Amino acid sequence: SQQGEEDPQALSIQEGENATMNCSYKTSINNLQWYRQNSGRGLVHLILIRSNEREKHSGRLRVTLDTSKKSSSLLITASRAADTASYFCATDGNDYKLSFGAGTTVTVRA
Amino acid sequence: NAGVTQTPKFQVLKTGQSMTLQCAQDMNHNSMYWYRQDPGMGLRLIYYSASEGTTDKGEVPNGYNVSRLNKREFSLRLESAAPSQTSVYFCASSDPSQGAKNIQYFGAGTRLSVL
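All figures in this text were calculated on a predicted structure; none of them were measured in a lab.

Visitor: Residue-level account of the overall build of chain A, with values.
Guide: For chain A, the helix and strand inventory stands at zero helices and eleven strands. When the helices and strands of chain A are listed from N to C terminus, the series reads β-β-β-β-β-β-β-β-β-β-β. The C-alpha radius of gyration of chain A comes to 13 Å, within 12% of the 13 Å expected for a compact globule of 110 residues. C-alpha extents for chain A along the principal axes are approximately 40 × 25 × 20 Å. Residues counted as buried form 45% of the 110 residues belonging to chain A. With the model as given, the accessible surface of chain A reaches about 5300 Å², and the carbon-plus-sulfur share is 42%.

If you want it as structure tokens, here you go:
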């Protein structure tokens, strides 16, 4: 079964707005990662946050992690048309495997 | 630097036919993975190879076999294809020993239809 579950399933925003998506998981983790998938392409790693970190930034991306609530959020600020994609969280239990959620589909309208 | 290369990109099979999906990586990674992606279900792990010479079942291994041919190559075989195996298949690689991270690098995918 999948470890992570993203919310919402789909999100439509205007260019320049912020996009926020959430991920909940069930068991303890070593780290949590976010990936992006453009239509018809493979997944691309965006950012990793370790279990002992609470917040991490990379460019226009901000990730938070709350291990007590077993949840994470990904914020994309000042969205662009190129941010239109599906976003997946993946949990790493330090057993060589990642567990992916079903993803959030983000559409950025011009 | 090609990264992870999958072949073929598209394939149509008839029920009962067999085929092998090929995957090669040029990043000297120890670990390799095969996933399938179905609408609304994210990625599900079929098989993985933590290191050369080892393979293990993932979440949905039934109907598939794998071979870790060498450090670079990891193939996925469908012995007798079924319509339920219609999906997009992704290969990925990683080196979990690097700082205890398991950042995975993905190929472009193989779109398989079984009629």
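Visitor: Quick one: what's the story with the interface of chain A and chain B, residue by residue and with numbers?
Guide: If you look at the interface, chain A gives 23 residues, while chain B gives 24 residues. Summed over both sides, the interface of chain A with chain B buries roughly 1800 Å², with 55% coming from carbon and sulfur. On the chain A side of the contact with chain B, L43, Y96 and F100 of chain A bury the most area, a combined 28% of that side's loss. Here chain A and chain B share zero salt bridges between them. Counting across the interface, chain A meets chain B through four residue pairs in polar contact (both at pLDDT 80 or more). Where the side of chain A that touches chain B is concerned, the elements lending two or more residues are strand 4 (31-37), strand 5 (43-50), strand 9 (85-92) and strand 10 (98-100) of chain A. Here the residues of the side of chain A that touches chain B are counted per class, giving eight nonpolar, ten polar and five charged.

Criteria and thresholds
Residues numbered from 1 in each chain as written. Chains lettered and ligands numbered in written order. Predicted model: local features only at pLDDT ≥ 70, side-chain atom pairs only at ≥ 80, totals over all residues. Heavy atoms only, no water. Helix = DSSP H or I, 4+ residues; strand = E, 2+ residues; numbered from the N terminus. Rg over C-alpha atoms; globule rule 2.2 N^0.38 Å. Buried < 20%, exposed > 50% of the residue type's maximum accessible area, 1.4 Å probe, protein only. Areas by Shrake-Rupley, 256 points an atom, 1.4 Å probe, with all protein chains shown as cover. Contact = heavy atoms within 4.5 Å. Buried area = accessible area lost by both parts, 1.4 Å probe. Salt bridge = Lys/Arg side-chain N within 4 Å of Asp/Glu carboxyl O. Polar contact = N/O pair within 3.5 Å; in protein donor to acceptor, adjacent residues only side chain to side chain. Nonpolar A, V, L, I, M, F, W, Y, C, P; charged D, E, K, R; others polar.

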